[in-house]
Every structure is written in structure tokens, then in C-alpha cells.
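Structure at a glance
The chain contents come next:
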Amino acid sequence: MKIENICCIGAGYVGGPTMAIIAQKCPHINVTVVDINEKRIAAWNDEDVNNIPIYEPGLSDIVKEARGRNLFFSTEVDNAIDKADMIFISVNTPTKTYGMGKGMAADLKFIELCARQIARVSTSDKIVVEKSTLPVRTAEALKNILENTGNGVKFQILSNPEFLAEGTAVDDLLTPDRVLIGGDIDSEKGKEAVNALVDVYANWVSKEHILTTNVWSSELSKLTANAFLAQRVSSINAMSELCEKTGADVNEVAKAVGMDSRIGSRFLQSSVGFGGSCFQKDILNLVYIAKSYGLGEVADYWEQVIILNDHQKRRFAEKIVKTLFNTVSGKKIAILGWAFKKDTNDTRESAAIYVADYLMNEQAEIIVYDPKVTEEQIYADLDYLGTRSENENRSLLKVVNTAKDACRDSHAVAVLTEWDEYKKLDWKEIYSNMLKPAFLFDGRRLLERKAMEDIGFEFYAIGN
Ligand SMILES: NC(=O)C1=CN([C@@H]2O[C@H](COP(=O)(O)OP(=O)(O)OC[C@H]3O[C@@H](n4cnc5c(N)ncnc54)[C@H](O)[C@@H]3O)[C@@H](O)[C@H]2O)C=CC1
Ligand SMILES: O=C(O)[C@H]1O[C@H](OP(=O)(O)OP(=O)(O)OC[C@H]2O[C@@H](n3ccc(=O)[nH]c3=O)[C@H](O)[C@@H]2O)[C@H](O)[C@@H](O)[C@@H]1O
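Keep in mind it's a predicted model, so treat the numbers as computed, not measured.

In this numbering, the UniProt entry assigns the feature "domain: UDP-glucose/GDP-mannose dehydrogenase C-terminal" (unreviewed entry) to residues 334–449. End-to-end, the C-alpha atoms of residues 334–449 are 19 Å apart, and along that stretch the chain is 39% helix and 16% strand.

So, in C-alpha cells, the structure goes:
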């Protein structure tokens, strides 16, 4: 079976970059990315490719190359669905904020809406691909919706979770560690569908890196991968606190431990806590699934990863207050970095939001500088928390355009995102423009203790 037309529902952090790469690597396939968010689609279509809605190194060049040739962005969802042989569902699956499973389960309403829409408008057989991260056995529900249309159209459902990380999305998509495709491999039609998707990826990924499994293994592998990655961060962060008490240095510990080839060195960077749209959401989802099968110990085991992460964010903020003589009321604190990691403009679940909120509760005046995050986004993140009124958020926190401006006349500086440019700042000048004693809190282990102390800073770094 040869795929000629692909439709992707959801033009977000996954749908946009993933489809851009497919379009670039498969010029013989027409790829249409659709979304109900008109502003987002307009931005993807902006004449100036620098204005596409997602910042990812290398992405704008790929969009420039393929857009208008075989890559299209549109709000005409029905049209694109009907034309496609293969439909990726790449919509958001956030944690539920209401009703059963509130605060834990994944909210699948957007997924269900997509399935119903596909069922309603399709007039020819289609392969439906789960690209969103979903609870194990979601394909069963999708199948149920799709197969009960009564119009004779046949659907095959595949699971093809995405493992890209933000900030390195283009590289991750071009050279993935593996592509995972789950399908109904016990049936001929199912195998055909799996092979059709394998063939798409085989345009640039070697066959050894394309793994096929049954649907449930594929769905569960995605949650498992994120849980393992987040667990490593929480594990090293747990050690960071012990390091601070004992004189050990968490970077040295991470290096020593990571050199054991059975452990490996990646994902052992201690930090102010992991953020991002997925780690927390996917682990909560895993905990909820385990509980729903009555697996209390399994649920508790994974929940601890989140509990430790919340603790890490809180203890960093507490450290600032304690160090500043137990009060930050009326004190100016500069926050460098709002994105949840470097090289992305995504701020979802960023540790910076929680640290700022904590300090604002202590009546600190916060000044933020982030090279890629807009003022509008920063206020939206705070307003979303609902801790205080919109007016109060705007009076307690200001956003500026340079690190120098953020730090001027401040009592303390907190580095919360590991942007490369912060390493190259003129820290001497920053120090000279701050109130004394000048406190510097490094939540990312970005700066050298000795160099900072030589300048005169009172320096604190996670795990050291
Ligand atoms: N952000 C990431 O780095 C990764 C995310 N994922 C998973 O991928 C999925 C998508 O995540 P993101 O791209 O970050 O989300 P996102 O929020 O950036 O994008 C989702 C898009 O879907 C659109 N949408 C929702 N319902 C729709 C509908 N019925 N019709 C048309 N468009 C609709 C929304 O308007 C939004 O633009 C989630 O399940 C997430 O867990 C997986 C791997 C990496
Ligand atoms: O499902 C998803 O959404 C994605 O989630 C993560 O990707 P992402 O959240 O974009 O970024 P990561 O590089 O994993 O970082 C997540 C958070 O952990 C933090 N982190 C990461 C690594 C580390 O050693 N220490 C650490 O504190 C980062 O600063 C960041 O806040 C996974 O790495 C991807 O494989 C997955 O596809």
C-alpha cells in the first residue's frame, strides 16, 4: 500500500515539526497539517518563516523548503481528512482538570472529537495513527468509535508515539534512536498498515531503527520511556539535596555514576526540577492507570517521581528566601530563564513558574528575562495558576529584554533555564550593578562557583 496523502490533526510542538520532516524527506507525499486554532495555522503560513509558531533550531529552514511544495497548513480539517490515506492524530492530551480522574488521568476529549470527526467525514478507507501520547488501550476506544459509523469505511489503527525532545526536535526526528510502530500485527490488513507507515519512515530512517510491536506495547512504551527519563532526573535531584548536606558535589557524583556503562551518563543533570508539557502529565497518567487496575504499589512507586520534583522546585525557592535573611518582601529578584529548558519557547510546567509564584507569595518583586519567551506568555502562565489577580501578577512581576536590565539593582539573581547566553554574560558588570551582598542562585549548574565567588557573589548552586 502506497501512501500519497497524509493529514495530521494538530499543528503543535509535535504535529508541526514531525510533519515538516516527513514532507521534507518524502517529496512524493502530500502532507497537510490541520488545526482548529486559526492563529496557529496563520503563523505556520506566515510569509516570514521566522514567525512560525514554534521555535526549534533548524525548523524554519525545513518549513521554508517544503511549505507550498508538499507541506500545507490549513484550518479545513474535514477536507484534509477525507483526502488522506493516512491520518495522524497529534492533538493535546493534557491532565484532566475536572470530574473523574481530575489531576491525574489524561483528558482524551480532543482525541475522541478527532475520532468522531474522522468517522463522520471519511468516504474512503484510512489508516489512523495515534501520534499523541495516550493511555494504554486507547486504540480500543478509537476503534469502537471508528467502526460504528455504519458507512462501510474501514479503518486500521496504529500507535506511533513520538520521542522527540523540544529544543532538539529536528535532530531527534532526522536521526531517531528508534521509530516505534504498534499495530494489529496478527491480521493481514493490520500488517499492511504497519508496513505502509514503516515505508514512510524508511525514506530516511534505517530499518534496524524501526521497531514494530503490538498496539498495547507501543502505547505503554511511550509512557514508560517518559517515566524512566523523569525518574532519572528525580533520582539525581534527590541526591543533590544529600550532596548539599554532606559536601559531595552532585556533578561529580553524576559523572562517577554515569561512567558505569550499565547506568549511562545522560539525563543525570541535576536541576531546579523538570518541567515540560509531558513528564508530569504522563507519569500522573501512568499512576492513574496503575491505580485503575488496582496496582497500588506500582502507582506509589511512580508517583514518588513527581513528589520529589515538586519538592525540588519548592526547596530551591525556599533556599532563596532563607538565604536572603528569611524575607524577600519588597526585594527585587531577577529570574533568568522562563522556558522549561534551553532552545525552546515552551514554558509548560516550567520550574520558573512555580519558583516565581512562591517568591511572589513572599511579596518579592520579580524581574524576568528569557531570550525566547514573550511577556504575554509569562503573564498567561502566572494567570493560569490562579494564585492572585491578573493585576497583582502584573504589578509584582515585570518582564525585560536583557539580562543586564533584569539584574540591575536586584538583591538576588536566580538562573532557572540553562540558556547558553547566560554563561557568556558579563557577570562582573552584573555584580557591580546589584545591591550588596549580591546573591546568585544557580538552578542549572551553569556557572563556575570559583569564578562567581571571585567576582564577589554569594553563590548557591543545586547539589554543591
Ligand atoms: N511537546 C512535546 O515535545 C511532545 C508531545 N508529545 C505528545 O504529543 C501530543 C501533542 O502535544 P503538543 O504538540 O505538544 O501539543 P500542542 O498543544 O502544542 O498541539 C496540539 C494542537 O492540537 C490542536 N487541536 C486540538 N483538538 C483539535 C481538533 N479537534 N481538531 C484540530 N486540531 C485540534 C490544538 O489546537 C493544538 O494546536 C500530546 O499527546 C503530547 O503528550 C509527544 C512527544 C513530545
Ligand atoms: O513526550 C514528550 O513530550 C517528550 O518529553 C521529553 O522531552 P522534553 O520534555 O521536550 O525535554 P527533556 O529534554 O526531556 O527535558 C524535560 C525536563 O527535564 C529537565 N532535565 C532533563 C535532563 C536532565 O538531565 N536534567 C533535567 O533537569 C529539563 O531541563 C526539562 O525541564 C522526552 O525527553 C522526550 O523523549 C519525549 O518525547
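Here we come to the site of ligand 1. Around ligand 1, the structure places 25 residues, and the nearest of them are Asp35, Arg40, Thr93, Glu166 and Lys281. Contact distances for ligand 1 include 2.8 Å between a nitrogen atom and a side-chain N or O atom of glutamate 166. Take arginine 348: an N or O atom from its side chain is 2.9 Å from an oxygen atom of ligand 1. Taken by itself ligand 1 offers 830 Å² of open surface, and the protein chains cover 92% of this. Partitioned by chemical class, the residues of the shell around ligand 1 number 9 nonpolar, 9 polar and 7 charged.

This next bit is on the site of ligand 2. Near ligand 2 there are 20 residues, and of these Phe163, Leu164, Ser271, Cys278 and Arg444 occur at the shortest range. Within the side chain of lysine 222, one N or O atom sits 2.8 Å away from an oxygen atom of ligand 2. Take phenylalanine 340: an N or O atom from its main chain is 2.8 Å from an oxygen atom of ligand 2. Its free accessible area being 710 Å², ligand 2 has 90% of it covered by the protein chains. Among the elements that line the shell around ligand 2, the one with the most residues is helix α9 (residues 215–246), at 4 residues. Looking at side-chain class alone, the shell around ligand 2 contains 11 nonpolar, 4 polar and 5 charged residues.

Before going further, it helps to spend a moment on the packing of helix α12 (residues 296–323) against helix α13 (residues 351–361). Packing of α12 against α13 brings their axes to within 9 Å, and their N-to-C directions diverge by 40 degrees. Judged by the inter-axis angle, α12 sits oblique to α13. Relative to α13, α12 is oriented so that their crossing is right-handed. Every residue of α13 that contacts α12 at Lys313, Arg314, Phe316, Ala317, Glu318, Ile320 and Val321 is listed here: Ala351, Tyr354, Val355, Tyr358 and Leu359.

This paragraph deals with the domain arrangement of the chain. What the domain assignment lists for the chain is domain 1 (5–205), domain 2 (223–303) and domain 3 (307–461). Distance from the C-alpha centre of domain 1 to the C-alpha centre of domain 2: 29 Å. Of the residues lining the interface, 17 residues belong to domain 1; the matching set on domain 2 comes to 12 residues. Between domain 1 and domain 2 the total buried area reaches about 1000 Å² when both faces are included, carbon and sulfur atoms providing 62% of it.

In this section: the pattern of salt bridges. Counted under the stated rule, the structure contains 27 salt bridges. Salt-bridge contacts for lysine 109 lead to aspartate 107; the nearest nitrogen and oxygen are separated by 3.9 Å. Residue lysine 109 is classed as partly exposed on the basis of its relative accessible area of 40%. The salt bridge partner of aspartate 383 is arginine 394, with a shortest N-O separation of 2.7 Å. Here aspartate 383, found in helix α14 (residues 375–385), pairs with arginine 394, found in helix α15 (residues 390–396); they are 11 residues apart in sequence, far enough to count as distant. With relative accessibility at 29%, the residue arginine 394 sits in the partly exposed group. Sharing partners across several salt bridges, the network here consists of Glu166, Asp346 and Arg348.

This next bit is on a nonpolar patch on the surface. On the surface, Tyr293, Leu295 and Val298 cluster together into a nonpolar patch covering about 290 Å² of accessible area. Following the sequence through the fold, valine 298 ends up in helix α12.

In this section: unusual backbone geometry. Note: most residues except glycine have negative phi, and most peptide bonds are trans. For the peptide bond that leads from lysine 436 to proline 437, omega is -5 degrees, which places it in the cis range. Within the secondary structure, proline 437 is located in the loop between α18 (427–432) and β13 (439–442). With phi around 60 degrees, phenylalanine 325 is a residue other than glycine that occupies positive phi space. In this structure, arginine 445 takes a positive phi of about 55 degrees despite not being glycine. Along the polypeptide, arginine 445 turns up in the loop between β13 and α19 (449–455). On the basis of relative accessibility, which here comes to 16%, the residue arginine 445 falls in the buried class.

To continue, consider the packing of aromatic side chains. A full pass over the atoms with the stated rule returns 13 aromatic pairs. On the basis of an interplanar angle of 80 degrees and a centroid distance of 5.9 Å, the ring pair of tryptophan 427 and phenylalanine 457 is categorised as edge-to-face. In this pair, tryptophan 427 sits in helix α18 while phenylalanine 457 sits in the loop between α19 and β14 (458–461), placing the two residues 30 residues apart along the sequence. Both residues of the pair, tryptophan 427 and phenylalanine 457, belong to the buried class. Taken together through their ring pairs, the aromatic side chains of Phe316, Phe325, Phe439, Phe441 and Tyr460 make up a single cluster. Here the guanidinium or amino end of arginine 178 rests over the ring plane of phenylalanine 163, the centre of that ring lying 3.6 Å away. In this arrangement the basic side chain of lysine 436 is found over the ring face of tyrosine 431, its NZ or CZ atom lying 4.6 Å from the centre.

About the thresholds
- Residues numbered from 1 in each chain as written.
- Chains lettered and ligands numbered in written order.
- Predicted model: local features only at pLDDT ≥ 70, side-chain atom pairs only at ≥ 80, totals over all residues.
- Heavy atoms only, no water.
- UniProt positions renumbered as here; feature names shortened; annotations may be inferred.
- Helix = DSSP H or I, 4+ residues; strand = E, 2+ residues; numbered from the N terminus.
- Near = heavy atom within 4 Å.
- Polar contact = N/O pair within 3.5 Å; in protein donor to acceptor, adjacent residues only side chain to side chain.
- Areas by Shrake-Rupley, 256 points an atom, 1.4 Å probe, with all protein chains shown as cover.
- Nonpolar A, V, L, I, M, F, W, Y, C, P; charged D, E, K, R; others polar.
- Axes fitted to C-alpha atoms, helices over the stretch in contact; angles between N-to-C directions.
- Parallel < 35°, antiparallel > 145°, perpendicular 65-115°, else oblique.
- Left-handed = near helix turned anticlockwise from the far one by under 90°.
- Contact = heavy atoms within 4.5 Å.
- Domains from an automatic or database assignment.
- Buried area = accessible area lost by both parts, 1.4 Å probe.
- Salt bridge = Lys/Arg side-chain N within 4 Å of Asp/Glu carboxyl O.
- Buried < 20%, exposed > 50% of the residue type's maximum accessible area, 1.4 Å probe, protein only.
- Patch = residues over 30% accessible without salt bridge, like charges linked within 9 Å, V, L, I, M, F, W, Y side chains within 5 Å.
- Phe/Tyr/Trp six-rings, centres within 6.5 Å; stacked < 30°, edge-to-face > 60°.
- Lys NZ or Arg CZ within 6 Å of the ring centre and 35° of its normal.

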